[in-house]
Amino acid sequence: MTAKLTKDYIVNQIKRNIRGDDRKLDEMREVIIERGVSANAEGSARVKLGKTEVIAGIKMDLAEPYPDSQDRGVLTSSAEFLPLAAPEFEAGRPGEVEVELGRVVDRGIREAEVIDFKKLCIVEGEKVWRVFMDIVVINHDGNLMDASGLAAMTAILDAKMPTIDKDYKIDYNKREKPLPLTTIALPITVMKCGNKLIIDTTADEEEAIDTRLTVTTNESGNISSMQKGGPGGFTVEEVVEICKIAGKKTDELIKKHFKSKKK
Amino acid sequence: MTAKLTKDYIVNQIKRNIRGDDRKLDEMREVIIERGVSANAEGSARVKLGKTEVIAGIKMDLAEPYPDSQDRGVLTSSAEFLPLAAPEFEAGRPGEVEVELGRVVDRGIREAEVIDFKKLCIVEGEKVWRVFMDIVVINHDGNLMDASGLAAMTAILDAKMPTIDKDYKIDYNKREKPLPLTTIALPITVMKCGNKLIIDTTADEEEAIDTRLTVTTNESGNISSMQKGGPGGFTVEEVVEICKIAGKKTDELIKKHFKSKKK
Amino acid sequence: MTAKLTKDYIVNQIKRNIRGDDRKLDEMREVIIERGVSANAEGSARVKLGKTEVIAGIKMDLAEPYPDSQDRGVLTSSAEFLPLAAPEFEAGRPGEVEVELGRVVDRGIREAEVIDFKKLCIVEGEKVWRVFMDIVVINHDGNLMDASGLAAMTAILDAKMPTIDKDYKIDYNKREKPLPLTTIALPITVMKCGNKLIIDTTADEEEAIDTRLTVTTNESGNISSMQKGGPGGFTVEEVVEICKIAGKKTDELIKKHFKSKKK
Amino acid sequence: MSEKLINKGIRPDGRKLDEIRPLKIKAGVVDRADGSAYVEFGTTKVISAVYGPKKVHPRHMEKSKKAILKVRYNMIPFSVYDRKRPGYDKRSVEIAKVVSEALENVIFLEEFPKSAIDIDMEIIQADAGTRVAAITAASVALADAGIPMRGLISSVAAGRVEGNIVLDLTKEEEDASDAIDLPVAMLARTGEITLLQMDGDASVDEIEKIVRMTEKGCKDIEKIQGKALIEKYNANTA
Amino acid sequence: MSEKLINKGIRPDGRKLDEIRPLKIKAGVVDRADGSAYVEFGTTKVISAVYGPKKVHPRHMEKSKKAILKVRYNMIPFSVYDRKRPGYDKRSVEIAKVVSEALENVIFLEEFPKSAIDIDMEIIQADAGTRVAAITAASVALADAGIPMRGLISSVAAGRVEGNIVLDLTKEEEDASDAIDLPVAMLARTGEITLLQMDGDASVDEIEKIVRMTEKGCKDIEKIQGKALIEKYNANTA
Amino acid sequence: MSEKLINKGIRPDGRKLDEIRPLKIKAGVVDRADGSAYVEFGTTKVISAVYGPKKVHPRHMEKSKKAILKVRYNMIPFSVYDRKRPGYDKRSVEIAKVVSEALENVIFLEEFPKSAIDIDMEIIQADAGTRVAAITAASVALADAGIPMRGLISSVAAGRVEGNIVLDLTKEEEDASDAIDLPVAMLARTGEITLLQMDGDASVDEIEKIVRMTEKGCKDIEKIQGKALIEKYNANTA
């Protein structure tokens, strides 16, 4: 981490379009994506945004469907800040920041119907695939939301489904087909500093500015989830501009790192 | 709430048969009972005793019977002091006062066999109705026990059972029959101050005096549950006198507010 | 408890082969074993090692087998320091010392295959006996590990299995056969003080010295479990010597207190 | 199922597209609290109460230069069809967080250093829009408690149903196959958006229209909030 | 099932209607504790121990003018037929509360300001009357610890079985179809009732008779408690 | 199943009996931490990081004459075939305890009175020997953090497979019907054993041979640990 600058200094510099690491306000840090970090997971991925590092994994088992969607698979998500990732992180029941992180990434994937849950039904009303999507933060240097969303999406793309025999016993050693997908969706978080909008903030920057809007966009440019955070406010115009920034950045990330899943 | 009087002053006044709100020692505050506060509940009720306000609700679903009563429905109760009801209430696992409140109201209803649990059996040993009785305290100005018992009893009387189809799927939108009942039972709490007995105490009074006996009486004048609370003690004669007061007050409340369920 | 001696004094005395209660370093306190302390348990036992007192009990019910051992019964263990057993014990979720105690005793029994779990299978893959082994500490005067292991083993030997009818309903009033056993196994804990090895330490001694090795040995002299504890270290030679001491002491205890279960 | 919910701009309950459900607000409903409000938003019912400014407990959470907000959002067990078990759930934790952030900058917290302001929102009947009803209630409760604010926070959702942009969806409308739901909280006086969430699948254009519609809704709600506070004030001084 | 349990005033275990089960009490059974007692009430077995007066932890629970009582009631896992999972349960919380209130006014707590007295009651075998056995044990443990008290608290249940008013019911008797159970704790010296609970369906007349019968039972129990304390004292000074 | 795993002293993965799995260690992998290490022990993967010496929180756990160690061992949810639910489990509590005791005497804790040193070990992929990989990583992380130690702690398991004494078992080998597993941690410089656990059924003779074999393993591991630290140092000063 860079030497601690005062909050005011950081804010003043951003207002002059200057960031500590010489990036433009709408420039992401280097993105490194690596698949398959845990062979015991059905799918997994490590994502680095600069020094921020997150890993995500997909596990699957069989479960009963929810009463109101008897013919669809189930998605269960969690996010955890590992204590090793930052001095302020502690073990224990997930705090509100972890809860929000897990739920926002979950909704982005769920609402975009990234996974085709109808294809995860085995016996209607009785047996469906359950997909566990777990996110763990390894090093916290800001913008955990986007790093987590990118890691989760990559883990989904990396996943191979285990096979089941006629008694519905799962064989985790024989993984064959990929998860049935319909699109790719990624969150982009834009923060506000005075009247400036800025993306992919570092931990230092997040000490100084704290109002943000996270927008998850899919391959078609449609938005599947939004979440405002922090104490400040936005105008309608800012919301619209942020949606456009998120759409553009998502498009760039998808084109650079993924193959289309559109149907 | 009235201005804070000293504890000693309150005690001395009670010994002279004088209460802050000019009531007699054996006089209840105005009782306001309102049914149907939450349409999503099978039954619900709001009770005000002066400024004390409690709501109770009945929810139902299907469950397995207990091993030792295979042909009877199941009752599950809870009581919660909502943090909004008093400055000293906090969110979290229910404290001992909430636990006692929930259990005493539950036992009063259960032991009086208010609900005819045999009629809530669907398939013996396999499927019975489970009745959830939940109590939440909205404003705490004393005598939570009696307000809660009254709210719970009213919610039971208000309840309409949801219907089930042949696959035992519950339709909460089609509620038809009332719960099968055999009697009405209500708790009355009598507190002791020196050699005086006093009912329906306010929060101020409960700051000054704290030894109480709660007696739940049914329509026939029989007692189904008793619970002594607080640090002090009672003589046998006082216990008998309290039972009589409770019987009389319960009779008055039932006559004024309810239709008989006696069989 | 004896008057508090300074830690240094205790250590110096041990180095001169002197203990507060005049025992030799490799001498156990008086062992009192009593069976059947709770008639509601399938088996139970109270063990006193000097003033240390532990009780253990066995309860049984039916459960599903684990996926990876479909034809074997299940063992579930717990250990609790009752708050009455020492001023420093508190109610609440088991601390790391209780967790370790329960797990070490459990492994000693499990790995020695004391209980013949294959004989506890009723319907393969569906229904097996589950054995609960619970340990509670009543008075803590040191060496809880060995007292607990001895109590657990005795409770197992004391246990009579409840009977089941054709619908797999358990009758706890009709207990007939003993648990199917293959051997007896007991833990012996040896502590290290300078270059001295010492067994069956008191609470006072454990205040002064804290590095230990617990070795569970069965009737054949084979070791089924080892656990090093405390901050210090051992040489390979010390480990071997401790194994031998444990074997000898276990043999003496078994000969004195039990009938062989060897097959 | 092929029957449409919305015909010629008229919704199942007779409302126009940009009309909120009937909204009743009563301030000062919890006697012990420093401020409180009861809100019926359609058939959704909420009580909120405020305690404070008061001492911070535990002490180490205290901030030297401003008050801290402690916000709780809770559904009582019988507020929903499938009984809600009392206790911790992640949805409530998340809503408490975003509500806290929606109110934080609007309250003059710096006037009460080393203090806490507790806001409790309890859902009595949950039909649709529980969080917007809860914020609307909390905002009135804060004003009722005399906590100084830059203005009233008003809150409503808008969304899309069968291609129509509509204000304040009912549960029935939320179940439409193309439904999206976008709850917003706003300092109605300035139009500043302090809470915004969204689930669904919408274009940027649609998002813009939906957000603009919440603006209209919040202004309508602010009036009813203000009226409730005046009624309470008049009752007190009558 | 038509067979009666009680015939001509004699109960299944041969007791008369107003007779308690065999009661064994031993004081001073837990070496580390400041005071302790083991009680066998029929086949119900309890150990209780007392620590204190001692420092209060956490500090903020301390009271400036008297000691606080911290009471725990717990059933060990194998004390009952259906194994009791270790940990929090509401029944134990309630019993700890009423036991604490039964003892509070009897102990001279004001002699130990800013202190805590911890009482732990552990049920080893649960057949009937676990709470009355536990209080009986706790009271002896307090005396054994030298805590000054206005007298010994004694505890027993009475009730109705097949129309008979009986003292100290067994599990078999508690299962009678008309059974009611009324546990009482009493400062036997004065007859002051400090714990009273009841479940069942009884007239006021019956309640009166039952409570009066517990009075007789508590006086019997107090004698055995006193004897146990004298035995302990004699053993110590022997 | 009658096929043997080990033939003529060669194991399924081609290793000799006294050979460890391929071991990769990289120091300094977590930017925010004071020290950290990533370890791949065969296919088992672990990250460990160290924070401290730092203030103790909560304060009452502070020790006046030395630092306290706070150790966490955790398996991330997707590190195993059957997803591990996040949160408390007894196995992790026990491992954290024995790891803490394995490191305690090796660190010069008395140099940092009233301080805490936090060690977090996170299992990323769990195949066999997770705890020995975790200790090996923690030891490098401590050195990377500049915490003064009497030497590096190295850790490996040895055991018995089909009658052979073998070093560093794989999951496949652990499943052999006669398998025993004996993890050890050692101050490799002196041969002092600071962690030792064992499950199985073995004679004292076998135990001796197995423990001796871990000695050899730990010395091999210590070299790789040292190299990783030098690489990190060189990279920093390059």
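The structure this text deals with has already been given above.
What counts, and at which threshold
- Residues numbered from 1 in each chain as written.
- Chains lettered and ligands numbered in written order.
- Predicted model: local features only at pLDDT ≥ 70, side-chain atom pairs only at ≥ 80, totals over all residues.
- Heavy atoms only, no water.
- Contact = heavy atoms within 4.5 Å.
- Buried area = accessible area lost by both parts, 1.4 Å probe.
- Salt bridge = Lys/Arg side-chain N within 4 Å of Asp/Glu carboxyl O.
- Polar contact = N/O pair within 3.5 Å; in protein donor to acceptor, adjacent residues only side chain to side chain.
- Helix = DSSP H or I, 4+ residues; strand = E, 2+ residues; numbered from the N terminus.
- Buried < 20%, exposed > 50% of the residue type's maximum accessible area, 1.4 Å probe, protein only.
- 1 Å grid on protein atoms, 1.4 Å probe; cavity = no way out; pocket = protein on both sides within 12 Å on 5 of 7 lines; lining within 4 Å.
- Points joined across faces, edges and corners; volume = space filled by probe spheres on them.
- Nonpolar A, V, L, I, M, F, W, Y, C, P; charged D, E, K, R; others polar.
- Pairing = 2+ DSSP bridges.
- Axes fitted to C-alpha atoms, helices over the stretch in contact; angles between N-to-C directions.

Caption draft 1: Looking closely at the interface of chain B and chain E. In this assembly, 36 residues from chain B lie in contact with 30 residues from chain E. In this assembly, chain B packs against chain E so that about 2800 Å² is buried in total across both faces, 55% of it on carbon and sulfur atoms. The interface formed by chain B and chain E holds five salt bridges in total. Between Arg107(B) and Glu94(E) there is a salt bridge, with the nearest N and O atoms lying 2.7 Å from each other. At the boundary of chain B and chain E, one finds 19 residue pairs in polar contact (both at pLDDT 80 or more). Listing elements by their share of the side of chain B that touches chain E, those giving two or more residues are β4 (74-81), α2 (96-111), β11 (211-218), β12 (223-229) and α5 (236-257) of chain B. Per element, the largest residue contribution to the side of chain B that touches chain E is eight residues, and it comes from α2(B).

Caption draft 2: Structural detail: the environment of Pro12(F). Residue and element names in this part refer to chain F. Positionally, Pro 12 belongs in the segment before β1 (23-27). A relative accessible area of 39% places Pro 12 in the partly exposed class. On a C-alpha basis, the gap between Pro 12 and Thr 136 in space is 24 Å, while along the polypeptide they are 124 residues apart. Here Pro 12 is in contact with Leu 5, Glu 172 and Glu 173, once residues within four sequence places are set aside.

Caption draft 3: Structural detail: the arrangement of the chains. Of all C-alpha pairs spanning chain A and chain B, none lies closer than 10 Å, and the two are not in contact. Taking C-alpha atoms only, the smallest gap left between chain E and chain F, which are not in contact, amounts to 11 Å.

Caption draft 4: Focus on the layout of surface pockets. Taken as a whole, the second largest pocket spans an internal volume of roughly 530 Å³. Taken together, 24 residues form the lining of the second largest pocket, with Lys48(C), Glu53(C), Gly28(E), Val29(E) and Val30(E) sitting closest to its centre. Elements with a contribution of two residues or more to the lining of the second largest pocket: β1 (31-35) and β2 (43-49) of chain C together with β1 (23-27) and β2 (35-41) of chain E. A per-element tally of the lining of the second largest pocket places β2(E) first, with four residues. Looking at the lining of the second largest pocket residue by residue, the class counts come to seven nonpolar, five polar and 12 charged.

Caption draft 5: Summary view of the side chain of Arg23(B). Residue and element names in this part refer to chain B. Inspection of the secondary structure puts Arg 23 in the loop between α1 (7-15) and β1 (31-35). A polar atom in the side chain of Arg 23 sits 2.9 Å from the side chain of Asp 21. For Arg 23, the side chain forms a polar contact with the main-chain oxygen of Asp 200, separated by 3.1 Å.

Caption draft 6: Up close: the interface of chain B and chain D. The partner chain D presents 29 residues to the 35 residues of chain B that form the contact. Both faces considered, chain B and chain D share a buried interface measuring about 2600 Å² in area, 57% of it formed by carbon and sulfur atoms. Across the chain B-chain D interface, the total number found is four salt bridges. Summed over the shared surface of chain B and chain D, the result is 18 residue pairs in polar contact (both at pLDDT 80 or more). For the side of chain B that touches chain D, the secondary-structure elements that each account for two or more residues are β3 (52-63), β4, β6 (127-139) and β8 (170-178) of chain B. Residues that form the side of chain B that touches chain D fall into these classes: 18 nonpolar, nine polar and eight charged.

Caption draft 7: Just the sheet that holds strand β10 (residues 196-199) of chain B, in detail. With respect to topology, eight strands assemble into an open sheet ordered β10(B)-β9(B)-β11(B)-β12(B)-β9(E)-β8(E)-β6(E)-β7(E), the strand pairing being antiparallel. Edge positions in the sheet fall to β10 of chain B together with β7 (164-167) of chain E, since each has one partner strand and no second. For this sheet, the mean inter-axis angle between neighbouring strands, taken without regard to orientation, is 20 degrees. Running over the sheet, α5(B) touches β9 (185-193), β10, β11 and β12 of chain B together with β9 (192-202) of chain E and is turned about 135 degrees from β9(B). The sheet strands contacting helix α2 (residues 130-144) of chain E are β6 (153-161), β8 (180-187) and β9 of chain E, and the helix crosses β6(E) at an angle near 165 degrees.

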